[in-house]
Amino acid sequence: MSLALEAGCEARPVLRERGQREVFCGLTGIVWMHRKIRDAFFLVVGSRTCAHLLQSAAGVMIFAEPRFATAILEERDLAGLADAQEELDRTVARLLERRPDIRLLFLVGSCPSEVIKLDLAKAAQRLNARFAGVRVLNYSGSGIETTFTQGEDACLAALAPELPGSDAPQLLIVGALAEVVEDQWRRLFAAMGVHRLAFLPARRAGEMPAIGAGTRFLLAQPFLAETARLLESRGARHIPALFPLGAEGSTEFLRAGAQAMGVGEARFREATALAEARAKAALAGPRARLEGRRVFFFPDSQLEVPMARFLARECGMEPVEIGTPYLHRAHLARELPLLPASALLSEGQDVERQLDRCLAARPDLVVCGLGLANPLERQGITTKWSIELVFTPVQGHDQAADLAGLYARPFARREMLRV
Ligand code: SF4
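Note that the structure is a prediction, hence the values are computed from the model and not measured. (Residues numbered from 1 in each chain as written. Predicted model: local features only at pLDDT ≥ 70, side-chain atom pairs only at ≥ 80, totals over all residues. Heavy atoms only, no water.)

(A) A look at unusual backbone geometry. Residue L200 is joined to P201 through a cis peptide bond whose omega torsion reads 5°. Tracing the chain through its elements places P201 in the loop between β7 (197-200) and β8 (215-219). One non-glycine residue, Q302, adopts positive backbone phi at about 75°. Within the secondary structure, Q302 is located in the loop between β10 (294-297) and α12 (304-315). The exposure class of Q302 is buried, given its relative accessible area of 5%. (Helix = DSSP H or I, 4+ residues; strand = E, 2+ residues; numbered from the N terminus. Buried < 20%, exposed > 50% of the residue type's maximum accessible area, 1.4 Å probe, protein only.)

(B) Region of the structure containing the sheet that holds strand β13 (residues 365-368). Strand order across the open sheet formed by six strands is β1-β12-β11-β10-β13-β14, with parallel pairing between neighbours. Both outer strands of the open sheet, β1 (14-18) and β14 (382-385), are each paired with one neighbouring strand and no more. Taking the axes of each pair of neighbouring strands and ignoring which way they run, one obtains an average angle of 20° across the sheet. Where strand β11 (residues 318-324) meets strand β12 (residues 344-349), four bridges bridge the pair, whose relative direction is parallel. Counted as the bridge partner of T324 is E347 from β12. Strands β10, β13 and β14 of the sheet are contacted by helix α16 (residues 400-417), whose axis makes an angle of about 140° with β14. (Pairing = 2+ DSSP bridges. Axes fitted to C-alpha atoms, helices over the stretch in contact; angles between N-to-C directions. Contact = heavy atoms within 4.5 Å.)

(C) How the structure looks around the site of the ligand. Surveying the vicinity of the ligand reveals the residues C25, L27, C50, L53, S110, C111, P112, S142 and G143. Residue assignment for the shell around the ligand shows that the elements contributing at least two residues are α2 (48-58) and α5 (111-115). Counted by class, the shell around the ligand contains six nonpolar, three polar and no charged residues. (Near = heavy atom within 4 Å. Nonpolar A, V, L, I, M, F, W, Y, C, P; charged D, E, K, R; others polar.)

(D) Structural view of the side chain of H331. By the element assignment, H331 lies in the loop between β11 and β12. Accessibility expressed as a relative area gives 10% for H331, which makes it buried. H331 has contacts with L219, L224, A225, A228, H238 and F243, leaving out every residue within four places of it along the chain.

(E) The side chain of T251, seen in detail. In this structure, T251 sits in helix α10 (residues 246-260). The exposure class of T251 is buried, given its relative accessible area of 2%. A distance of 2.8 Å separates polar atoms of two side chains, one belonging to T251 and the other to H397. (Polar contact = N/O pair within 3.5 Å; in protein donor to acceptor, adjacent residues only side chain to side chain.)

(F) Up close: the environment of A343. By secondary structure assignment, the location of A343 is in the loop between β11 and β12. Note on A343: relative accessible area 6%, which makes it buried. Distance in space between the C-alpha atoms of A343 and F296 is 9.3 Å, their sequence separation being 47 residues. Apart from residues no more than four positions distant in its own chain, A343 is found in contact with R12, P319, V320 and I322.

(G) The arrangement of the packing of α10 against helix α11 (residues 265-290) in detail. Orientation of α10 relative to α11, taken along the N-to-C sense of each, is 165°, at an axis distance of 9 Å. Put simply, α10 runs roughly antiparallel to α11. Crossing hand, α10 versus α11: right-handed. Together, A247, T251, L254, R255 and A258 of α10 and E265, F268, R269, T272, E276, A279, K280 and L283 of α11 make up the contact between the two elements. In terms of residue class, the contact of α10 with α11 is made up of six nonpolar, two polar and five charged. (Parallel < 35°, antiparallel > 145°, perpendicular 65-115°, else oblique. Left-handed = near helix turned anticlockwise from the far one by under 90°.)

(H) Broad picture of the packing of aromatic side chains. Overall, the coordinates contain seven aromatic pairs when judged by the stated rule. Arranged with centres 5.3 Å apart and planes meeting at 45°, the rings of F24 and F148 form a pair that is tilted. Within this pair, whereas F24 is found in the loop between β1 and α1 (29-36), its partner F148 is found in the loop between β5 (135-140) and α7 (150-159), the two being separated by 124 residues in sequence. In this structure F148 comes out as buried when scored by relative accessible area, which is 0%. (Phe/Tyr/Trp six-rings, centres within 6.5 Å; stacked < 30°, edge-to-face > 60°.)

(I) Broad picture of α10. The end-to-end C-alpha separation of α10 is 21 Å, in line with the 21 Å expected for 15 residues at 1.5 Å each. Counted residue by residue, α10 has 11 buried out of 15 residues, so it is predominantly covered. Within α10, burial applies to G246, A247, G249, S250, T251, F253, L254, R255, A256, G257 and A258. Taken together, the buried residues of α10 touch β6 (170-174), α8 (179-191), β8, α11, α12 and α16. One or two residues past the end of α10 sits G262, with phi positive at roughly 80°. (Expected span 1.5 Å × (residues − 1).)

Next up, the structure:
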């Protein structure tokens, strides 16, 4: 069975909701960002709640001497702010003594530090003057200001003004990606003759790319609004493209980058045709499980729109509702017209109402956070934990089938359990 897809018009209606939300705060971004930048450390200035959140989100990783920690605000810190700044200086001094490998230190704000207006920018400035060889930056991952993946945006936005300047022409890919994906794209662009290729963030603090008027950048993730704005303020130019999910998304993403660097279509096809054909062939397996099934997205990571586009167009699924915490129309300009017109697009959340819509629609698969998954499973609805989509390498041609496999797995499990 295949779906007839109508191209949705650009000004398609969006249901905007405000109410009770069921999302992670931006602190969770630390879990993947600390693995990406190998000599960075993330020091959350927060409460025990923040420490517990990180421990549960990072799972077993906390036993592997991770490069993040929480400086817990005690009651006496809350009583007098000057004291909290001194405490922070002492904590950082102790940390840097114990971990001399740290080159980049992020002070990460939380709800408690925001509420008492603890000035982390000032603290970063002071600490930079005190410690040579370590760059100290700050950003907020608080739940008041950020949801889930916006923590990565806030982190990269803290880095953007710090990047060295250069107007040399280059292609920059923005967004934390698995190294295997970066390596594949380096090979593909090298085959097209594009060697001036850089990634933000780089793997090490000292290797961050220089940017300027010659930089053209592709967003590998849809949640990088603030980072993109700051890169543009430094003269870099955004290249509109589909996000690199699925065979179609990956091809269009790479094509946009290639065109911006002056690569002709024939050379582009020559370099990418094999990877695209492999991805399409590999998708046949998971597609057989997904085709014709109805999928409902709760808002979580801002990846929902490109994911729904991929599932509809390449796996034959029918998105019922596509919920996103935040809809950036300009960055999703290529994606939105490709969504099936029948899908309801919603931004923000009133979780009770959304649950009512979900239960009434009886979708075959619900993509949601951990807090909703088990209760929905109990009602007989198959679910997919959205957090896995952020932790697993899913971008690029070679990962297209793995991405579809993540959605197919809950169906396989359900079939196995049905005896
Ligand atoms: S930053 Fe705010 S929302 Fe996040 S864990 Fe701390 S208190 Fe909770």
